[in-house]
There are 2 protein chains.
Amino acid sequence: MLLGPGDDAAVLRPPAGHDVVWTVDDQVEGVHFERHWGWEHVGARAAAACLSDLAAMGARPFGLLLALHLPPATDGSCLDAFGRGLGDALAAAGCPLVGGNVTRHPERVAVSLSALGLVARGRALRRDAGRPGDVLAVTGPLGLARLGLAAARAGRLFEPALERARHALLRPRPRLDLVPVLEALTGADGPGRLAVMDLSDGLARDLPRLALASGLAAVVDGARLPGPPPALAASLGPGEADPPALAWLGGEDYELLVAASPSLFERARAPLGLVAIGRLEAGVPGRVTLEGPLAGRPHLVGFDHFAGAPGA
Amino acid sequence: MLLGPGDDAAVLRPPAGHDVVWTVDDQVEGVHFERHWGWEHVGARAAAACLSDLAAMGARPFGLLLALHLPPATDGSCLDAFGRGLGDALAAAGCPLVGGNVTRHPERVAVSLSALGLVARGRALRRDAGRPGDVLAVTGPLGLARLGLAAARAGRLFEPALERARHALLRPRPRLDLVPVLEALTGADGPGRLAVMDLSDGLARDLPRLALASGLAAVVDGARLPGPPPALAASLGPGEADPPALAWLGGEDYELLVAASPSLFERARAPLGLVAIGRLEAGVPGRVTLEGPLAGRPHLVGFDHFAGAPGA
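Residues numbered from 1 in each chain as written. Chains lettered and ligands numbered in written order. Predicted model: local features only at pLDDT ≥ 70, side-chain atom pairs only at ≥ 80, totals over all residues.

**Some remarks on the overall build of chain A**
Scanning chain A from terminus to terminus reveals nine helices and 11 strands. In terms of its C-alpha atoms, chain A occupies a principal-axis envelope of roughly 55 × 55 × 30 Å. The buried share of chain A, taken over its 312 residues, is 55%. Sequence separation of 24 or more characterises 84% of the internal contacts of chain A that already satisfy a separation of 6 or more. (Helix = DSSP H or I, 4+ residues; strand = E, 2+ residues; numbered from the N terminus. Buried ≥ 20, exposed ≤ 12 C-beta atoms within 10 Å, placed from the backbone. Contact = placed C-beta atoms within 7 Å.)

Structure, rendered in structure tokens:
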């Protein structure tokens, strides 16, 4: 960063031989978070959600801009806690906060984060790079953040036994740790091509996007989905006691979804911690067929922020 | 732009020898705009406010990201009109829309725009570059947007006689047209140094920022402020019939405030359309002394978005 907060704009100097990757992500109180979750967590998870988009492009963080909407009566200590959570998440990612804007809002807090990342020239990882026969895989467990949301709705967010679900909801980890591995696999000297996107809205909504962008259909085996531990899921009641469905529907896990040729999948499996869940094939673009325990359940659609609030 | 909307992030390739300039600007319904002003204007002025920050850094537009908060009941035709106004303003600026994010919001529309610009390496124009003895100048008339706001509050926004004030409020022009001139004046072969910022919050609030950043005091002659035509101001009632005060307090004019040595001011005056309003001098950093018709009026403070809504 050449010039940080305080002028009309920040100034940065991208290193030679790089493209810049640029994304924006919004978090609205009552839609994406509730303030009783804790301001520090609100700041940390907003940063994670935004930085996850950089990981999904194979990019290293370059800088972040904060736009914050604040009701006039917001307590200064809330702002301090928010800043601490945001700052911790950015420090962990090696991402400088280069500026921002704070605006009065009559009703509720909202956070809009814009992030810049750097990727070697021409090496951004796109979701339209899938090919027929590619293995579909994910980089870690799914559905835990949805369990955390269920715990929050039930007023049980801070129960000790639900720590894993709470952590997934409040302190998600953007998979920036995988960027060096992705660079090695797909760089100028690497073996090949990957289609990558991050799982922010859940497999049920995100996988059709990758398939559609690649012009392909997808097949998913519900038995292979890495869902939450059954005992943890069951502890939140019968409505959540279905790990494959949780893994399929759950959003905000911020793991990566990857499509790779079978041979590249074998090379990438250990370094990326991949779990194979299905395959891409020729067919109606964007259509997903569920096999195994999820087959024949037509209502398995993902979470829609336009349809319901997490705290409602 | 290498990759536009539809992936996890946009990808851009900054040309060699350039720095990137990066800013974010927010517009909240009921704070910065009212929907009865017209959705097309809401889109256009949001773009202008954001692009103005690039002009103030001497940067050319490189791309824009849109984050939009929409109440569930928002009519699709409103969105179309908003997009048309935004698109027109971006096309006029030669700035591509490279992506964005649309989020449900329970109460009101908000627009957060993030813009990237390009500036020759090391040539960004900063507000901390003022020196003692610099001439302070502005690039055009001030106070017209404030008159437009007064017209809107009085329910007279669309009166034909108020066209100039209405246009200033609804269709402000970011001074990107001046960027080539600024480049010529301050580039590697140019004669010198300029401190520049844009006037978004009004001289009363913005000038102390430039002075403070430069570690200097400022003196402004109220008689030289390029305020609105007295007849236009008077037509909005006695509360607005004071052109120097309007020019001093008015926000959202998006002209540039410039500090230049007397010799550079003489060279820049015609090509930038400068009007001299005062000078920088040694003194308490950020302190502004008003001379002429505004002298001795201690309550001349600028508009504060945290203190009042334009439509209230």
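**Looking at the interface of chain A and chain B**
Each partner contributes to the interface: chain A provides 51 residues, whereas chain B provides 51 residues. Breaking the side of chain A that touches chain B down by element, the ones donating at least two residues are strand E1 (10-12), strand E2 (18-28), helix H1 (39-56), strand E3 (60-70), strand E4 (97-104), strand E5 (110-120) and strand E7 (194-198) of chain A. Here E2 of chain A pairs with strand E1 (residues 10-12) of chain B via three bridges, running antiparallel. Counterpart to Trp22 of chain A in the pairing with E1 of chain B is Ala10 of chain B. (Pairing = 2+ DSSP bridges.)

**Focus on the packing of helix H1 (residues 39-56) of chain B against helix H2 (residues 76-93) of chain B**
Helix-helix packing is described using two parameters, namely the angle between the two axes and the distance between the axes. Residue and element names in this part refer to chain B. For the pair H1 and H2, interaxial distance at closest approach is 6 Å and the crossing angle is 35 degrees. Crossing of H1 against H2: the hand is right-handed. Side by side, H1 and H2 meet where Trp39, Glu40, His41, Val42, Gly43, Ala44, Ala46, Ala47, Ala48 and Leu51 of the first sit next to Cys78, Ala81, Phe82, Gly83, Arg84, Gly85, Leu86, Asp88, Ala89, Leu90 and Ala93 of the second. Of the residues contributing to the contact of H1 with H2, the split by class is 14 nonpolar, four polar and three charged. (Axes fitted to C-alpha atoms, helices over the stretch in contact; angles between N-to-C directions. Left-handed = near helix turned anticlockwise from the far one by under 90°. Nonpolar A, V, L, I, M, F, W, Y, C, P; charged D, E, K, R; others polar.)

**Some words on the sheet that holds E2 of chain A**
Taken in spatial order, the five strands line up as E4(A)-E3(A)-E5(A)-E2(A)-E1(B) in an open sheet, and their pairing is mixed. Bordering the open sheet on either side are E4 of chain A together with E1 of chain B, each of which pairs with just one other strand. Each adjacent strand pair in this sheet contributes to an overall mean axis angle of 20 degrees, direction not counted. Taken together, the nine bridges between E3 of chain A and E5 of chain A define a ladder with antiparallel strand orientation. By the bridge assignment, Pro61 of chain A is partnered in E5 of chain A with Gly117 of chain A.

**Considering the sheet that holds E1 of chain A**
Within the open sheet, the five strands sit side by side as E1(A)-E2(B)-E5(B)-E3(B)-E4(B). Their pairing is mixed. Both edges of this open sheet fall to E1 of chain A together with strand E4 (97-104) of chain B, since each of them pairs with a single strand only. Strand-to-strand twist across the sheet, computed as the mean angle between neighbouring axes with direction ignored, equals 20 degrees.

**Describing the domain arrangement of chain A**
Residues and elements named next belong to chain A. On domain assignment, one finds that chain A holds domain 1 (18-120) and domain 2 (135-294). Taken together, the contact between domain 1 and domain 2 spans 19 residues of the former and 21 residues of the latter. At the level of secondary structure, the elements contributing two or more residues to the side of domain 1 that touches domain 2 comprise H1 and E3. Tallying contributions element by element places H1 first for the side of domain 1 that touches domain 2, with 11 residues. Looking at the side of domain 1 that touches domain 2 residue by residue, the class counts come to 12 nonpolar, three polar and four charged. (Domains from an automatic or database assignment.)

**Describing the relation of the copies chain A and chain B**
With an RMSD of 0.0 Å, the fit of chain A onto chain B corresponds to turning through 180 degrees and sliding 0.0 Å along the axis. Seen this way, the second copy is the image of the first under a two-fold rotation axis. When the interface residues of chain A are mapped onto chain B, 100% of them again fall at the interface, so both copies present the same face. (Least-squares fit on C-alpha atoms with pLDDT ≥ 70 in both.)

**Concerning the pairing of strand E2 (residues 18-28) of chain B**
Residues and elements named next belong to chain B. Counting buried residues along E2, 10 of its 11 residues qualify, which places the element largely inside the surrounding structure. Relative to strand E5 (residues 110-120), E2 runs antiparallel, the two being bridged by 11 bridges. Bridge pairing in E5 links Asp19 to Val119.

**Details of the environment of Glu291 of chain B**
Residues and elements named next belong to chain B. Looking at the secondary structure, you find Glu291 in strand E11 (residues 288-291). Given 14 C-beta atoms within a 10 Å radius, Glu291 is considered partly exposed. Considered as a pair, Glu291 and Gly278 are 13 residues apart in the sequence and their alpha carbons are 9.1 Å apart. With residues up to four places along the chain from it excluded, the contact list for Glu291 reads Val219, Val220, Asp221 and Gly222.

**Focus: unusual backbone geometry**
Residue and element names in this part refer to chain B. One non-glycine residue, Glu252, lies in positive phi territory at about 65 degrees. As for its position among the elements, Glu252 is in the loop between helix H8 (243-249) and strand E9 (256-260). In this structure, Tyr254 takes a positive phi of about 60 degrees despite not being glycine. Residue position: Tyr254 is located in the loop between H8 and E9. Overall, Tyr254 belongs to the buried group, with 24 C-beta atoms counted inside 10 Å.

**Focus: helix H4 (residues 163-170) of chain A**
Listed as buried for H4 of chain A are Ala165, Arg166, Ala168, Leu169 and Leu170 of chain A. On the buried face of H4 of chain A, the contacting elements are H1, helix H3 (144-153) and helix H7 (230-234) of chain A.

**Overview of the environment of Asp221 of chain A**
Residues and elements named next belong to chain A. Within the secondary structure, Asp221 sits in strand E8 (residues 217-221). The exposure class of Asp221 is partly exposed, given the 19 C-beta atoms found within 10 Å. In this structure the C-alpha to C-alpha distance between Asp221 and Pro244, which are 23 residues apart in sequence, comes to 9.5 Å. Excluding residues that lie within four positions of it along the chain, Asp221 makes contacts with Ile277, Gly278, Glu291 and Gly292.

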